[in-house]
Amino acid sequence: MTIDGEEWLRYKPISFDVAIIRGTTADEDGYISFEEEVHYDEAVSMAAAAKNSGGIVIVQVKRMAKRDTLECAKVRVPGYLVDYVVVEPKQRQSLDYFYRPSYCGAVKEPVTMKWPTPGLDERKFIARRQAMELQPDMLVNIGVGVSNGVPLILAEEGVWNKITLSLEQGQSGGIPVMGLDAGTMMNPRVIMEHPVQHDMYHGGILDATCLSAAETDFYGNVNVSKLGKSLTGCGGFIDISQETKKIVFGGTLCAKSRVRFENGRVIVEEQGKIHKFVNQVQQVTFSGKRAVDKGKQVVFITERCVFRLEKEGLTLVEIAPGIDLQHDILDNMDYRPIISPDLKEMPKELFNEGLMGLAAVWES
């Protein structure tokens with residue numbers, strides 16, 4: 001369809017027969033509370049869509065309660081949308097925990113999080129540099145992959161409460177969790193339905209987002225959704241990235257590479273077997289042209305260098321000490337990026353064995 005001079009795809013509503021959702025507690029009338037849930041997902045939308053399609057709604061819960069005894073503020077799904085309730089007393093709150101109260105905001109845990117492994121590795125190095133791109137008072141979405149380590153850097157540096165962190169699943173105000181429980185937040189200040197969170201993202205409320213990139217071309221197009229025969233899909237990547245004011249991508253320059261950090265320098269031990277900066281991405285999950293046209297800031301951070309997306313194309317703006325421009329960067333890309341005439345070394349604070357002093361970096 002053509003709307004306001006632009007071509008759009010129209011997706012017609014799809015009717016379906018069954019919705020399967022979960023909550024924490026069901027009363028005898030089928031009202032469902034979510035007091036121990038880490039996020040609310042699309043539970044209400046799914047249940048309503050199923051009923052309006054003439055289908056049924058099945059809900060899994062941890063326990064049952066008597067009629068009209070649930071606290072109203074914790075009820076998310078009304079009983080008139082529910083057909084069947086399945087009780088599973090062993091229902092886990094997350095992959096790592098049967099129940100951790102701070103995940104659902106029931107209590108506030110002291111923030112003492114640190115990087116899980118000693119020393120400096122690629123993931124920590126990249127997450128540190130991503131964190132440098134943020135500023136106090138920003139509203140920042142955190143994605144998966146290497147970017148999932150940014151909240152740990154903020155916590156370790158003691159500045160996590162200077163920024164409001166947000167997850168596409170609906171939580172904001174706490175610290176996103178790294179590892180198997182990614183998509184979960186410790187000490188959230190609010191948990192909203194997934195569609196509501198995305199509505200706000202679509203409206204451009206985010207100041208920045210930290211995301212990962214699997215493939216990037218010269219024009220800043222990014223692919224995270226199709227790699228060879230593996231069609232992983234885009235998830236919320238498009239929703240998050242399209243209207244965010246600043247996008248900070250993170251990832252190694254090549255796949256299956258290995259570096260070490262020594263005396264303030266990056267030493268490449270294995271260049272990598274798969275190029276990630278390619279002539280043509282297999283699928284465009286993020287449009288560099290659209291980002292440039294809308295005046296967005298787009299940064300690509302690797303363990304060897306930093307690129308910024310300019311109108312003319314991808315531009316190399318920082319290089320790590322110890323890295324050879326030709327051998328370690330250009331020879332490991334399918335195309336030659338623009339080299340900034342003001343090419344700088346990556347900040348020396350990144351190599352600190354202890355804290356890097358992020359608050360001071362933000363002020364400089």
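Structure: see above.
Note that the structure is predicted; figures quoted are calculated from it, not measured.

Reading the values: rules and limits
- Counting restarts for each chain: residues are numbered from 1 in the order of the written sequence.
- For this predicted model, a pLDDT threshold of at least 70 governs which residues receive local features, and a threshold of 80 or more governs which side-chain atom pairs are given and counted, while totals over whole chains, interfaces and linings are taken from all residues.
- Values shown for side chains rest on all heavy atoms present in the structure; no hydrogens or waters enter the calculation.
- To qualify as a helix, a DSSP run of H or I must reach at least 4 residues; to qualify as a strand, a run of E must reach at least 2; elements of each kind are numbered from the N terminus.
- We compute the radius of gyration from the C-alpha atoms alone; for a globule the expected value is 2.2 Å times N to the 0.38, where N is the number of residues.
- To sort residues, take the accessible area from a 1.4 Å probe on protein chains only and compare it with the maximum for the residue type: under 20% means buried, over 50% means exposed, and anything in between is partly exposed.
- The contact rule is simple, with two residues in contact once any of their heavy atoms fall within 4.5 Å.
- Using a 1.4 Å probe, the Shrake-Rupley method yields the accessible areas, and only the shown protein chains count as cover for residues.
- The sign given to each residue is positive for Lys and Arg and negative for Asp and Glu; His and the chain ends receive no count.
- Lys charges are placed at NZ, Arg charges at CZ, Asp charges at CG and Glu charges at CD.
- A residue counts toward a patch only above 30% relative accessible area and without a salt bridge, and it is joined to like-charged neighbours within 9 Å or, for Val, Leu, Ile, Met, Phe, Trp and Tyr, to nonpolar neighbours within 5 Å.
- The term salt bridge refers to a pairing of a side-chain nitrogen on Lys or Arg with a carboxyl oxygen on Asp or Glu at a separation within 4 Å.
- Any two strands with at least two DSSP-identified bridges between them are counted as paired.

Trainee: Can you walk me through the overall build of the protein in this structure?
Mentor: Helix and strand counts for the protein come out as eight helices and 29 strands. Computed over C-alpha atoms, the radius of gyration of the protein comes to 23 Å, within 12% of the 21 Å expected from 2.2 N^0.38 for 364 residues, which places it in the range of a compact globule. Taken along its principal axes, the extent of the C-alpha atoms in the protein is 70 × 55 × 35 Å. Relative to its full complement of 364 residues, the protein shows a buried share of 50%. For the protein, contacts bridging at least 24 residues in sequence account for 72% of all contacts bridging at least 6. When the accessible surface of the protein is totalled, it reaches about 18100 Å², and 52% of it is carbon and sulfur. For the protein, the distance from the average position of its 41 positive side-chain charges to the average position of its 50 negative side-chain charges is 1 Å.

Trainee: Whenever I open this one, a nonpolar patch on the surface confuses me. Can you help?
Mentor: Taken together, the side chains of Val-18, Ile-20, Ile-56 and Tyr-84 make up a nonpolar region of the molecular surface, amounting to roughly 380 Å² of accessible area. Within the secondary structure layout, Ile-20 lies in strand S3 (residues 18-22). Given the relative accessible area of 62%, Ile-20 is considered exposed.

Trainee: Help me understand the sheet that holds strand S8 (residues 75-77), please; the structure alone is not making it clear to me.
Mentor: The strands making up a sheet associate through hydrogen bonds between their backbones, and the pairing can be parallel or antiparallel. The strand order S7-S4-S5-S8 describes an open sheet built from four strands, whose pairing is mixed. The strands lining the two open edges of the sheet, one partner per strand, are strand S7 (63-65) and S8. As judged from the two bridges shared by strand S4 (residues 25-27) and strand S5 (residues 32-33), these two strands associate in the antiparallel manner. Along S5, the bridge assignment pairs Thr-25 with Ser-33.

Trainee: How should I be thinking about helix H2 (residues 122-132) in this particular structure?
Mentor: Burial of H2 is extensive: ten of the eleven residues sit out of reach of the surface. Within H2, burial applies to Glu-122, Lys-124, Phe-125, Ile-126, Ala-127, Arg-128, Arg-129, Gln-130, Ala-131 and Met-132.

Trainee: What's the story with unusual backbone geometry in this structure? I'm lost.
Mentor: When glycine is set aside, most residues are seen to have a negative phi, and most peptide bonds are trans. Here the phi dihedral of Asp-41 falls at roughly 55°; this positive angle occurs in a residue that is not glycine. Checked against the element boundaries, Asp-41 lands in the loop between S5 and helix H1 (43-52). You can call Asp-41 partly exposed: its relative accessible area is 31%. Its identity is not glycine, yet Asp-68 carries a phi of approximately 60°, on the positive side. Residue classification places Asp-68 among the exposed positions, given a relative accessible area of 69%.

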